[in-house]
Amino acid sequence: MNIVYAVALLGVLAAVFGLILAVAGKVFEVQTDPRLSQIQACLAGANCGGCGYPGCAGCAEAILAGKAPVTACAPVGAEGAAKIAAIMGLEATAGERMVAHVACNGGIHAGKNFTYRGVQDCLAATKVCGGDVNGCRYGCFGFGTCVSACKFDAIHINENGVAEVDKEKCTDCGACRAACPRKLIAEVPYKQKVFVNCANRDRGPGVVKVCTDSCIGCGLCERTCKLDAIHVVDNVAVIDCDKCRNCTMCAKVCPRNAIEPIPTEEERERFKAAQKAAAERAAAKKAAAEAAE
Amino acid sequence: MSITSLLAISLGAILTNNFIFSQFLGICPFLGVSKKIDTAVGMGAAVTFVMGLASAVCYGINSLLKLAGLEYMQTVAFILVIAALVQFVEMFLKRYIPTLYTALGVYLPLITTNCAVLGVALLNVQNNYNFIESVVYGITGGLGFLLAIFLFAAVREQLEFSDTPKAFEGFPIALVTAGLIALAFMGFSGLQVWPQ
């Protein structure tokens, strides 16, 4: 008989509490903005943290509060930003699409000081012998810390043993940039095609010793560029993406294959011939002008 | 019941019979949420709040059980009550005191399964406390928890920077520290102010 009482009493208690909670749920209901869940549905949902807020829910809240722009979520791009803008009743002012880029093409071109058999992680490798695994103190290790940081499968180690970004998949979330212990990954416009793939800031002779495809800071590209878009800073060429129009003249003139796209021999020859012809034409013109005087 | 007995209960709950350091109740949040002082204090405040409330409500439930002659169902009934209570309090706070709700944050629902809260309800029954004594014991027990977790968090913040041997890094050294603080709290056992 006792067991019946026990079951009954606890059952009644539980039912009463259940009822109270159900009623309380209705009475104390907090109205949340319906736009919150709509905005969250438009975000990437990877909780990558690239926006600087704690996860996608935090980002949605910040957008709703007006603290973050509708373009805060880089992974969903302009399309997603337009959707969010429509929910918020704003015009989307999407920025230029940006992607990550790895500024090193060393890998197999750079020598190795010793064979590293430790944890296959770039940060771990930097801790061994001052990180001198590669001959180059600035270059990519190729252990793929950035690869594991990427939630979008957009960065891989290429055949040269260097990390390479898949532009189409990249969402510019910034995870790889934060993960790279050598700070080799930069944010560049999607439409940019010409890159200096070297980050070695040592002087020319030192660089030549460690890597065949490297920038020695000779300044040939700087002198060739008609748009003032490439400059040697700290012994390494840097492209100003705002000025660059992807003419690839700097790549063709680079004696060390440091600028992407790396030209074929034929292209290089043709460019040299064209340059020579142009110089001859200019000289002839000058001579004609002097003769006319 | 007099002021002296309430004082004795408070002193016992905070120092001599501290819930963490001498009764070893509520160790889970004590270790889990003590990495930073501000989160630790948040947790302590939430525990104090819920322990006070739970003591009051469980006192009522216990008299109900006594009436039905079902005292042996205490544990089950108290768990049920505490879980429902925490849920209810959370809803209430979210609606009416959102500042307190955000301050307590994730700690409030975590407390549902905290054994210090269940412990205080059961100890109230064991010690035959009346309603006021129960509430006082609940609140001061919570304050004791707050004190313990605050002290421990303060030590752990310093431990982060200390040069601990590799094998002791993280939890091992934290547990050693907790043991040492517990030993220190043993010193309070001479402080008994039992009412005659």
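Residues numbered from 1 in each chain as written. Chains lettered and ligands numbered in written order. Predicted model: local features only at pLDDT ≥ 70, side-chain atom pairs only at ≥ 80, totals over all residues. Heavy atoms only, no water.

## Regarding the layout of surface pockets
Residue and element names in this part refer to chain A. By volume, the largest pocket is sized at about 490 Å³. The wall of the largest pocket is formed by 28 residues, among which Thr71, Cys73, Ala74, Pro75 and Thr171 lie closest to the centre. Residue assignment for the lining of the largest pocket shows that the elements contributing at least two residues are α3 (55–64) and α4 (77–88). Residue assignment places the lining of the largest pocket across two domains, with domain 1 (37–88) and domain 2 (96–191) each supplying three or more. (1 Å grid on protein atoms, 1.4 Å probe; cavity = no way out; pocket = protein on both sides within 12 Å on 5 of 7 lines; lining within 4 Å. Points joined across faces, edges and corners; volume = space filled by probe spheres on them. Helix = DSSP H or I, 4+ residues; strand = E, 2+ residues; numbered from the N terminus. Domains from an automatic or database assignment.)

## A closer look at the pattern of salt bridges
Residue and element names in this part refer to chain A. A complete count under the given rule lists eight salt bridges over all chains for this structure. The partner of aspartate 153 in a salt bridge is lysine 169, and the shortest N-O contact between them spans 3.2 Å. Pair noted here: aspartate 153 is in the loop between α6 (145–149) and β2 (155–157) and lysine 169 is in the loop between β3 (163–165) and α7 (175–179), with a separation of 16 residues, a long-range link. Residue lysine 169 is classed as partly exposed on the basis of its relative accessible area, which comes to 40%. Across the salt bridge formed by glutamate 266 and arginine 270, the nearest N and O atoms sit 3.4 Å from each other. Pair noted here: glutamate 266 and arginine 270 are both in helix α11 (residues 265–292), with a separation of four residues, about one helical turn. The same class applies to glutamate 266 and to arginine 270, which are both exposed. Among the ionic contacts, a cluster of salt bridges with common partners joins Asp172, Arg177 and Glu187. (Salt bridge = Lys/Arg side-chain N within 4 Å of Asp/Glu carboxyl O. Buried < 20%, exposed > 50% of the residue type's maximum accessible area, 1.4 Å probe, protein only.)

## Concerning the side chain of asparagine 160 of chain A
All names here are of chain A. Mapped onto the elements, asparagine 160 comes out in the loop between β2 and β3. Within the local environment of asparagine 160, its side chain forms a polar contact with the side chain of asparagine 105, the two groups lying 3.2 Å apart. Look past the residues within four positions of asparagine 160 in its chain and what remains in contact with it is Asn105, Gly106, Gly107, Ile108 and His109. (Polar contact = N/O pair within 3.5 Å; in protein donor to acceptor, adjacent residues only side chain to side chain. Contact = heavy atoms within 4.5 Å.)

## Let's talk about the confidence of the model for chain B
The predicted model of chain B averages 86 in pLDDT, with 95% of residues at 70 or higher. Within chain B, no element has a lower average pLDDT than helix α6 (residues 107–110) of chain B, which sits at 74, and none a higher one than helix α8 (residues 131–159) of chain B, at 92. (pLDDT = per-residue confidence, 0-100.)

## Thoughts on the nonpolar core
One finds Phe19, Phe21, Phe30, Met43, Ile61, Ile111 and Tyr137 of chain B to be the most contacted residues of the largest nonpolar core, which totals 60 residues. Among the elements that make up this core, the one with the highest residue count is helix α3 (residues 37–68) of chain B (10 residues). Tyrosine 137 of chain B has contacts with Ile9, Ala13, Phe19, Gln23, Val120, Leu123, Asn124 and Tyr129 of chain B, leaving out every residue within four places of it along the chain. Membership of the second largest hydrophobic core comes to 19 residues, among which are Val99, Ala100, Ala163 and Val165 of chain A. (Core = buried A, V, L, I, M, F, W, Y, C linked by side-chain atoms within 4.5 Å.)

## Things to note about the interface of chain A and chain B
Contact residues are listed per partner, giving 16 residues for chain A and 19 residues for chain B. Carbon and sulfur atoms make up 87% of the area that chain A and chain B hide from each other, which totals about 1,500 Å². Where chain A touches chain B, the interface holds zero residue pairs in polar contact (both at pLDDT 80 or more). Of the residues assigned to the side of chain A that touches chain B, the class counts are 13 nonpolar, two polar and one charged. (Buried area = accessible area lost by both parts, 1.4 Å probe. Nonpolar A, V, L, I, M, F, W, Y, C, P; charged D, E, K, R; others polar.)

## Structural notes on the side chain of asparagine 197 of chain A
With respect to the element layout, asparagine 197 of chain A can be found in the loop between β5 (195–196) and α8 (204–210). Non-local contacts of asparagine 197 of chain A, meaning those with residues more than four positions away in its chain, are made with His101, Val102, Ala103, Cys104, Asn105, Ala258 and Glu260 of chain A.

## Regarding the packing of α3 of chain B against helix α4 (residues 74–96) of chain B
Residue and element names in this part refer to chain B. At a minimum axis separation of 9 Å, α3 and α4 run at an interaxial angle of 135°. In terms of their interaxial angle, α3 and α4 are classed as oblique. Crossing hand, α3 versus α4: right-handed. Counting all contacts with α3, which are made through Phe49, Val50, Leu53, Ala54, Val57, Cys58, Ile61, Asn62 and Leu65, the residues of α4 involved are Gln74, Ala77, Phe78, Val81, Ile82, Leu85, Val86, Val89 and Leu93. When the residues that make up the contact of α3 with α4 are grouped by side-chain class, the tally is 16 nonpolar, two polar and no charged. (Axes fitted to C-alpha atoms, helices over the stretch in contact; angles between N-to-C directions. Parallel < 35°, antiparallel > 145°, perpendicular 65-115°, else oblique. Left-handed = near helix turned anticlockwise from the far one by under 90°.)

## Focus: empty space enclosed by the protein
Residues and elements named next belong to chain A. Taken as a whole and assessed by the stated rule, the structure comprises six cavities of 30 Å³ or more. Its boundaries defined by the atoms lining it, the largest cavity holds a volume of some 110 Å³. Lining of the largest cavity is provided by 16 residues; of these, Cys122, Cys140, Cys146, Cys180 and Pro181 occupy positions nearest its centre. Residue composition of the lining of the largest cavity, by class: 12 nonpolar, three polar and one charged.

## Re the packing of aromatic side chains
All names here are of chain B. Here the structure, examined in full by the defined rule, presents 13 aromatic pairs over all chains. Taken together, a centroid distance of 5.5 Å and an interplanar angle of 90° make the contact between phenylalanine 21 and phenylalanine 30 edge-to-face. Residue phenylalanine 21 shares its accessibility class with phenylalanine 30, and that shared class is buried. Here phenylalanine 185 and phenylalanine 188 contribute two aromatic rings whose centre-to-centre distance is 5.2 Å and whose plane-to-plane angle is 70°, an arrangement assigned as edge-to-face. Residue class for phenylalanine 185 comes out buried when judged on its relative accessible area of 9%. Assessed through its relative accessible area of 29%, phenylalanine 188 is described here as partly exposed. Cluster of aromatic residues (ring-pair linked, three or more members): Phe21, Phe30, Phe152, Phe185 and Phe188. (Phe/Tyr/Trp six-rings, centres within 6.5 Å; stacked < 30°, edge-to-face > 60°.)

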